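# Observations on chain architecture
Below, each chain spelled out in residue letters.
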Amino acid sequence: ELTENQKTLYKEKNAALVREHVLPAYTHLAAALTELLGSGKNDMGLCYFADGKDYYRYLVCHNTGSASDLPALQDRILEKRQSDLQQAAALLSENPQLKASQTTVRLPAADPIATLNGLQEAMRANFPAPPETTFTVSSIDECMEDYMAPAFYITSPIDDYAQNSIFINASTDTSSLRYFTTLAHEGFPGHLYQTVMSYEAGLHPVRMISYHYAGLDDDLASLLSLNQSALLSLYASTDLGIHYDGWSFSDTTAFWKDFGITDQTALREIYELIVEEPAHYLKYYVGYMEFVDLKEKAQETYGSAYSDI
């Protein structure tokens, strides 16, 4: 509802703000961080700072929306992991060949647009059809490939939600299942779908089922989904361990060793990533558990009348 003159003025103001404030702010930030290099006094969890535990409690509540206290949250994560591993063990007991299959899953390399279009079709059995929307897929700059995820979604403009953008990391193996499930997470039935449906009808459908859209054997898809859930639970437990219980790197390696993971380089990367971003993994995993709880409550409430759609 803006006039052409108003649009022009807003564009000019935006460009001036970027040039005169945003870019200089990043330059100033880089200089300040460079000066601070080597001055840190704590390379472990938040609990080693004054009032660090209280701040971590705030971060967990803010990032997850969960009202659970942290010891209760730790217990819930443990119970969910045990349940997932028990279900995975039962699947492997019934179908032993799945053990070899889960480590050799490869998908036909596909154009990301074709994959996203295929996901839109595959999800229709579980989700309402999205409103008419478009999206573009672009590659990130080569200089960022070593540091970025396989793909990520950019939230659409508030006045034109039909225009959506997904950026992909061209260095990623497009035949890996991780690439496929990441596109599902960012696109359909993930963030892109969630955004356009939210604008359209206020819905927020989120579920960890994209493994079943990859054309895999149903038992194999279930096993891989359970494995991913259990793996994410390890990150969540480690987050709470480091920032609430004060785990050292040795504590962290001992915890992961119980699950057969001993690569010191990988574990050091996990430890430092979680130290750097407190409660980051919890917003994914605890949010997932909350949605599972909501789904189970709905199934109990509606019985045979329940539907995913």
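Bear in mind the structure is a predicted one, so any value in this text is a computation, not a measurement. Within each chain, residues carry numbers counting from 1 in the order of the written sequence. A pLDDT threshold of at least 70 governs which residues receive local features in this predicted model, and a stricter bar of 80 or more applies before side-chain atom pairs are shown or counted, although totals over entire chains, interfaces and linings include all residues. Heavy atoms throughout the structure, all of them, feed into the side-chain values; hydrogens and water do not.

The next point concerns helix α11 (residues 280-302). Secondary structure is summarised from DSSP: a helix means a run of H or I of at least four residues, a strand means a run of E of at least two, and numbering begins at the N terminus for each. How far a helix is expected to stretch is found by multiplying one less than its residue total by 1.5 Å. For α11, which comprises 23 residues, the first-to-last C-alpha distance of 34 Å matches the rise-based estimate of 33 Å (1.5 Å per residue) to within 8%. The buried label goes to any residue with under 20% of its type's maximum accessible area, the exposed label to any with over 50%, and the partly exposed label to all in between, with areas taken from a 1.4 Å probe on protein chains only. The complete set of buried residues in α11 reads Tyr 281, Leu 282, Tyr 285, Val 286, Gly 287, Tyr 288 and Met 289. Looking at the buried side of α11, the elements it contacts are α2 (52-64), α3 (70-94), α8 (218-243) and α10 (264-276). The positive-phi residue at the C-terminal boundary of α11 is Gly 303, with phi of around 55°. Throughout, a residue-residue contact means that at least one pair of heavy atoms, one from each residue, lies within 4.5 Å.

It is worth spelling out the confidence of the model for the chain at this point. You can read pLDDT as the predictor saying how much it trusts each residue, on a scale of 0 to 100. In the predicted model, the chain carries a mean pLDDT of 88, and the fraction of residues at 70 or more is 97%. Low pLDDT, under 50, characterises residues 203-207; the stretch is placed with 13 contacts to residues that sit more than four places away or in other chains.

Below, the discussion takes up the sheet that holds strand β1 (residues 134-139). At least two bridges found by DSSP between two strands is the condition for calling them paired. What the 3 strands build is an open sheet, ordered β1-β3-β2; its pairing is mixed. Of all strands in the sheet, those bounded by a partner on one side alone are β1 and β2 (151-154). Across the sheet, the mean angle separating the axes of adjacent strands is 25° when strand polarity is ignored. Sheet analysis places β2 next to strand β3 (residues 163-168), joined by 4 bridges and oriented antiparallel. Within the sheet, the bridge partner assigned to Tyr 153 lies in β3 and is Ile 166. Only the contacting stretch of a helix is used when fitting its axis, a line to C-alpha atoms as for every element, and angles between N-to-C directions run 0 to 180 degrees.

Here the focus is a negative patch on the surface. Patch membership needs two things, relative accessible area over 30% and no salt bridge, and members are linked within 9 Å if like-charged or within 5 Å if nonpolar (Val, Leu, Ile, Met, Phe, Trp, Tyr). Residue-level accessible areas treat just the shown protein chains as cover; the underlying method is Shrake-Rupley with a 1.4 Å probe. For this analysis, a salt bridge means a side-chain nitrogen from Lys or Arg found within 4 Å of a carboxyl oxygen belonging to Asp or Glu. We score Asp and Glu as negative and Lys and Arg as positive, and we do not count His or the chain ends. Think of each charge as sitting on NZ of Lys, CZ of Arg, CG of Asp or CD of Glu. Among the surface-exposed residues, Asp 43, Asp 263, Glu 269, Glu 272, Glu 276 and Glu 277 lie close enough to one another that they form a single negatively charged patch. Along the polypeptide, Glu 276 turns up in helix α10.

When two helices pack together, you describe them by how their axes are tilted relative to each other and by the distance separating the axes. At their nearest, the axes of helix α5 (residues 112-122) and helix α6 (residues 177-186) sit 10 Å apart, and the two run at 65° to each other. Between α5 and α6 the crossing geometry is right-handed. Of the residues in α6, those touching α5 at Pro 112, Thr 115, Leu 116 and Leu 119 are Tyr 179, Phe 180, Leu 183 and Ala 184. Ten residues, namely Ala, Val, Leu, Ile, Met, Phe, Trp, Tyr, Cys and Pro, are considered nonpolar, four, namely Asp, Glu, Lys and Arg, are considered charged, and the remaining ones, Gly among them, are considered polar. Considered class by class, the residues forming the contact of α5 with α6 number 7 nonpolar, 1 polar and no charged. In a left-handed crossing the near helix is turned counterclockwise from the far helix by less than a right angle, and in a right-handed crossing that turn is clockwise.

Moving on to the packing of aromatic side chains. Any Phe, Tyr or Trp ring, taking Trp's six-membered ring, that has another such ring centre within 6.5 Å forms a pair; planes under 30 degrees apart are called stacked, those over 60 apart edge-to-face, and the others tilted. Summed over all chains, the structure comprises 10 aromatic pairs. Ring geometry for Phe 249 against Tyr 271: centres 5.7 Å apart, planes inclined by 70°, an arrangement best described as edge-to-face. With Phe 249 in helix α9 (residues 249-257) and Tyr 271 in helix α10, the pair connects residues that are 22 residues apart, well separated along the chain. With respect to burial, Phe 249 and Tyr 271 carry one shared label: buried. Taken together, Tyr 235, Trp 256 and Tyr 281 form an aromatic cluster joined through their ring pairs. Any Lys NZ or Arg CZ that is within 6 Å of a ring centre and within 35 degrees of that ring's normal is treated as a charge sitting over the ring. Cation over ring: Lys 53 sits above Tyr 244, and NZ or CZ is 4.5 Å from the ring centre.

Here the focus is a nonpolar patch on the surface. Taken together, the side chains of Val 18, Val 22, Leu 23, Tyr 26, Leu 29, Leu 33 and Leu 36 define a hydrophobic patch exposed on the protein surface, amounting to about 660 Å² of accessible area. Mapped onto the elements, Leu 29 comes out in helix α1 (residues 4-36).

Structurally, Ala 16 is set in helix α1. Given a relative accessible area of 19%, Ala 16 falls into the buried group. Distance from Ala 16 to Tyr 213, taken between C-alpha atoms, is 45 Å for residues 197 residues apart in sequence.

With that out of the way, let us pick up the packing of α8 against α11. Where α8 contacts α11, the axes come no closer than 9 Å and their chain directions differ by 130°. What the angle tells us is that α8 and α11 run oblique. Where α8 crosses over α11, the two elements pack in a sense that is left-handed. On the side of α8, the interface is formed by Ser 229, Leu 232, Ser 233, Tyr 235, Ala 236, Asp 239 and Leu 240, while α11 contributes His 280, Tyr 281, Leu 282, Tyr 285 and Tyr 288. Across the contact of α8 with α11, the residue classes tally to 8 nonpolar, 3 polar and 1 charged. Here the angle decides the label: under 35 degrees means roughly parallel, over 145 means roughly antiparallel, 65 to 115 means roughly perpendicular, and every other value means oblique.

Quick look at unusual backbone geometry now. Phe 188 connects to Pro 189 through a cis peptide bond whose omega is 5°. Here Pro 189 shows up in the loop between α6 and α7 (191-201). Unlike most non-glycine residues, Asp 51 shows phi in positive territory, near 60°. For Asp 51, the location among the structural elements is in the loop between α1 and α2. For Ala 279, which is not a glycine, the phi torsion comes out positive at approximately 70°.

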